[in-house]
Amino acid sequence: MIGLLGASALTACRIVPKNRQGYLNDPTMRASESPTEDRARRKLHTAREGAGGGDGEPAGGGCACGN
Amino acid sequence: MRQLRPAVVAVSAVVALVAVAAAPAPAAAQALEAFEWRTVLFGQGGHGYQSQDGADGEPGSQQAIIVEPLLWARLRQTPTLVHEAAVEVDIVSAASPDAIDATTSASRMNESVALDVTHRWAHDHHGEVQGRWGFHAEEPLRSWFWGAGYVRKLADDNFTLTVNGVISMDWFDSYGPYGDRPGLKQRHAYNGNLSVSQVLSPTTILDAAYGATFQAGLLETTWNAVPMVGGGVAREKFPGTRLRQAATVRVSQHLPRSHTTVKASYRIYHDDFDLDAHTVQLFGYQYVTPWLYARLGYRVHHQDGASFYMDVFPDAPTGYRTSDSDLAPFTAHEVTAKLALLADRAPFAVLGRANLDVVLGHYRRSNDLSITWGALSLGYKF
């Protein structure tokens, strides 16, 4: 599904030049608003959900909670 | 292993950050570019069968208060080399008391410290090589990790490809639910990730990511209790390996006329404990002024539980087993609210280039766990 979405995105869109990327660089559009907020939220979920982690960050290691 | 003391944790954290900031380089080229400090206070309530803080055969208390200070900094060593370091401290009142806690309260308060350092080297305007390392220490555990990654931007930065991997090694005291202490054990994890980001329009971004983690070693939380029908508890028992996979898709859309941003993401997870999960997350941002925005968030997570999870097991179970509420089937709902002030955009100059935010949140699981938290953060760009 992700591959199909990626392929369709690549073929369907035109390149947006850098001088038209102002809205994309707005703080609310960034993938990470804050490095410390990301860490705190990720830990809240990975320490309490057996299905945490596994996408972009290691899961299962590095914590005595072990789930 | 000895318990960490708050003073030791705090001093270690500061020394680690200073050591990173003082990495050898031409003095004139070094500059602290940004830092961020955040403190989060969590109040947790609820019950789980893995906790022994309750009647025999009944779920025990998971009540805990957690104070979590975090510090992050970015240092530019040369025009192409940047270092980022995050230090995280947790001061936790025991969330799932074990036999030792219940009888002596010796470890009713735990402290942990983690350091996460990333080095980024831009070999040209479109490519970046990353190295990463760090450690985590808490009462029964020491952990180290090392990783590497590569980021490539293509098509006038419209497309970004990121590949990275992390290896982590844990050493821990494997004391059991009756306070027995068989000795030092290990586990290790190998994690690989692939993510892409594609600009779809001047106001739209699509992100997708896939990650897999292979774990091996003693994977269970050794002091977790597994209640038995006839009374008493058995020790948790997991398979020796676990393969976890997750994929995420996210769309971010900015609406210039109303100064609004919306983000929606979906995550699917599967592992070979037969645990499947689906997570949907929505964020809405609204600028009140050009330098102040509010964010509302909602997240729902549903997991169907590990195949060997049961609340209470028949006497003397022999197979894999857990009564850990984190591995049970449940649905979790979370709501958050955030107010962020971007002082570098403000007409007043009192705070310079600072950012301030306050976040409040509430998380509730269907199997009797709830957490309410608040966070306050101050950041600064030099």
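This text goes with the structure placed above it.
Definitions and limits used
Residues numbered from 1 in each chain as written. Chains lettered and ligands numbered in written order. Predicted model: local features only at pLDDT ≥ 70, side-chain atom pairs only at ≥ 80, totals over all residues. Heavy atoms only, no water. Helix = DSSP H or I, 4+ residues; strand = E, 2+ residues; numbered from the N terminus. Buried < 20%, exposed > 50% of the residue type's maximum accessible area, 1.4 Å probe, protein only. Phe/Tyr/Trp six-rings, centres within 6.5 Å; stacked < 30°, edge-to-face > 60°. Lys NZ or Arg CZ within 6 Å of the ring centre and 35° of its normal.

S.K.: Can you help me understand unusual backbone geometry in this one?
M.R.: The bulk of non-glycine residues show a negative phi, and the bulk of peptide bonds are trans. Residue and element names in this part refer to chain B. A positive phi angle, close to 60 degrees, is found at D274, a residue other than glycine. In this structure, D274 sits in the loop between β14 (260-271) and β15 (276-289). Classification of D274 as partly exposed rests on a relative accessible area of 44%.

S.K.: Just checking my understanding: could you explain the packing of aromatic side chains for this structure?
M.R.: A ring pair, where both rings are aromatic, is described by two values, the distance of the centres and the angle of the planes. Residues and elements named next belong to chain B. One pass over the structure, following the stated rule, counts eleven aromatic pairs over all chains. Pairing F238 with F273 gives two aromatic rings, centres 5.4 Å apart and planes at 80 degrees, and the pair type is edge-to-face. Residue F238 is located in the loop between β12 (233-235) and β13 (241-255), and its partner F273 is located in the loop between β14 and β15; the two are separated by 35 residues in the primary sequence. Overall, F238 belongs to the buried group, its relative accessible area being 6%. Relative to Y320, the ring of F308 has its centre 6.1 Å away and its plane inclined at 55 degrees; by these criteria the two rings are tilted. A residue pair is termed long-range when its members are at least 10 positions apart, and F308 in the loop between β16 (292-303) and β17 (330-342) and Y320 in the loop between β16 and β17 qualify at twelve residues. Three or more aromatic residues joined by ring pairs make a cluster, and in this case those are F238, F273, F308 and Y320. In this structure, R187 packs its charged tip against the face of F172, placed 4.6 Å from the ring centre.

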